[in-house]
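Descriptive analysis of the structure
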Amino acid sequence: MPDRPEIVCICGSTRFADEMRAANRELTLAGVIVVAPSEADGLITDEQRAVVDALHLRKIDLADRVLVVNPGGYVGESTSREIAYAQATGKPISYTDPVGPPH
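Residues numbered from 1 in each chain as written. Predicted model: local features only at pLDDT ≥ 70, side-chain atom pairs only at ≥ 80, totals over all residues. Heavy atoms only, no water.

What follows is about the environment of Gly76. In this structure, Gly76 sits in the loop between strand 3 (65-69) and helix 3 (77-88). Each C-alpha atom, one on Gly76 and one on Val8, is 20 Å from the other, the two residues being 68 residues apart in sequence. (Helix = DSSP H or I, 4+ residues; strand = E, 2+ residues; numbered from the N terminus.)

If you want it as structure tokens, here you go:
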């Protein structure tokens, strides 16, 4: 038995903020430590976006696995980059919905 709870990093488009919050709540109530995307969407500078994007990759580094929140199978450009990063670092990846064709 591990000496700490599992850590899951949630990835997904900011358009799915409500769904990501729901997944965060469900995982947390199941005893999982959740690291999730920043709520710094909206009007931020390109420099701030770069910081937020880099931080999210570090969150993936901290995680035992990645959960992609992808209602309807949607995976956008940023999430695709995060998935590729997680794959390159050997993290197991699961999805809330079957993955559809690229958008």
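Once you've had a look at it, read on.
Here the focus is the packing of aromatic side chains. A full pass over the atoms with the stated rule returns one aromatic pair. For the ring pair Phe16 and Tyr74, a centre distance of 6.0 Å and an interplane angle of 70 degrees mean the geometry is edge-to-face. Of the two residues, Phe16 sits in the loop between strand 1 (7-12) and helix 1 (17-29) while Tyr74 sits in the loop between strand 3 and helix 3, which places them 58 residues apart along the sequence. Assessed through its relative accessible area of 10%, Phe16 is described here as buried. Stacked on the ring of Tyr74, the Lys or Arg Arg15 has its end atom at 4.2 Å from the ring centre. (Phe/Tyr/Trp six-rings, centres within 6.5 Å; stacked < 30°, edge-to-face > 60°. Buried < 20%, exposed > 50% of the residue type's maximum accessible area, 1.4 Å probe, protein only. Lys NZ or Arg CZ within 6 Å of the ring centre and 35° of its normal.)

Our next topic: helix 1. Because each turn of an α-helix spans 3.6 residues, side chains separated by three or four positions in sequence point in the same direction. With 13 residues, helix 1 should cover 18 Å at 1.5 Å per step; its first-to-last C-alpha distance of 18 Å lies within 8% of that length. Here helix 1 has its buried residues at Met20, Ala23 and Leu27. Buried residues of helix 1 fall within an arc of 60 degrees about the axis and therefore sit on the same side. Summarising the geometry of helix 1, the exposed residues directed more than 90 degrees from the buried face are Asp18, Arg25, Glu26 and Leu29. Against strand 1, strand 2 (33-35) and strand 3 lie the buried residues of helix 1. Gly31 sits one or two positions beyond helix 1 and adopts a positive phi of about 90 degrees. (Expected span 1.5 Å × (residues − 1). Arc of directions from axis to C-beta. Contact = heavy atoms within 4.5 Å.)

Now for helix 3. Under the 1.5 Å per step criterion, the end-to-end length of helix 3 is 17 Å for twelve residues, consistent within 8% with the ideal 16 Å. Those residues of helix 3 lying buried are Thr79, Glu82, Ile83 and Ala86. Looking straight down helix 3, one finds its buried side chains confined to an arc of 100 degrees; they lie on one side. Set apart from the buried face of helix 3 by more than 90 degrees, the exposed residues are Glu77 and Ala88. Gly90 lies just past helix 3 and shows a positive phi near 80 degrees.

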